[in-house]
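Survey of secondary and tertiary structure
Given next are the chains, with one letter for each unit.
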Amino acid sequence: QVQLVESGGGLVQPGGSLRLSCGASGSIFRLNVMTWHRQAPGNEREWVATITSSGVTNYADSVKGRFTISRDNAKNTVYLQMNSLKPEDTAVYYCYCNVVLRGGSTSSRWGQGTQVTVSS
């Protein structure tokens, strides 16, 4: 089985920074596309950032220039560095990743989410 676990959320003042991590575990051969999404109460889930297996990154306009997605393949982990945080960044952040399993099949999984609150 494949599991994703997010961590690193918390309470931060506007202008502050947080780094989220999402670690994958299970019978994983290699990681493919890894993404971050967020959802505020009453809102739709919003795509935030993507990093491909080759390291190509893309960002939502709302976070471009402030957030950075990265990956550490040796640790099966994806990160989201969040700088210059704004109150509108407050949400539960989820990772969603596609992996290649041992045996050649693929699997996509959501993490359980981690709360980020930006408030003074």
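Now for a quick tour of the structure. Just so it is clear, the model here is predicted, and its values are computed rather than measured.

**Description of the side chain of Ser-21**
Topologically, Ser-21 is positioned in strand β3 (residues 18–26). Taking the relative accessible area as the measure of exposure, Ser-21 reaches 17% and is therefore buried.

**Quick look at unusual backbone geometry**
Leaving glycine out, the prevailing phi sign among residues is negative, and the prevailing peptide bond configuration is trans. You will see that Asn-76, though not glycine, has its phi angle at about 50°, which is positive. A relative accessible area of 22% means that Asn-76 is categorised as partly exposed. Positive phi, normally seen in glycine, also occurs at Ser-84, with a value near 50°. Take Ser-84: it is sitting in the loop between β8 (77–82) and β9 (91–101).

**As for the nonpolar core**
The tendency in soluble globular proteins is for nonpolar side chains to be buried side by side. By size, the foremost hydrophobic cluster in this structure holds 32 residues, and its most contacted members are Trp-36, Leu-80, Met-82 and Tyr-93. Residue assignment for this core shows that the elements contributing at least two residues are β1 (2–7), β3, β4 (28–39), β5 (46–51), β7 (67–72), β8, β9 and β11 (114–118). With 6 residues, β9 is the largest single contributor of residues to this core. If sequence neighbours within four positions are ignored, Met-82 has contacts with Gly-16, Ser-17, Leu-18, Leu-20, Arg-66, Phe-67, Tyr-93 and Val-116.

**Brief notes about the environment of Asn-43**
For Asn-43, the position within the fold is in the loop between β4 and β5. Assessed through its relative accessible area of 47%, Asn-43 is described here as partly exposed. Taking C-alpha positions, Asn-43 is 9.4 Å from Ala-91, a pair spaced 48 residues apart along the chain.

**A few points about the pairing of β3**
The pairing of β1 with β3 spans 6 bridges and is antiparallel. When the sheet's bridge partners are listed, Leu-4 is paired in β3 with Ala-24. Relative to β8, β3 is paired through 6 bridges, and the arrangement is antiparallel. The partner of Gly-23 across the bridge, within β8, is Thr-77.

Criteria and thresholds
Residues numbered from 1 in each chain as written. Predicted model: local features only at pLDDT ≥ 70, side-chain atom pairs only at ≥ 80, totals over all residues. Heavy atoms only, no water. Helix = DSSP H or I, 4+ residues; strand = E, 2+ residues; numbered from the N terminus. Buried < 20%, exposed > 50% of the residue type's maximum accessible area, 1.4 Å probe, protein only. Core = buried A, V, L, I, M, F, W, Y, C linked by side-chain atoms within 4.5 Å. Contact = heavy atoms within 4.5 Å. Pairing = 2+ DSSP bridges.

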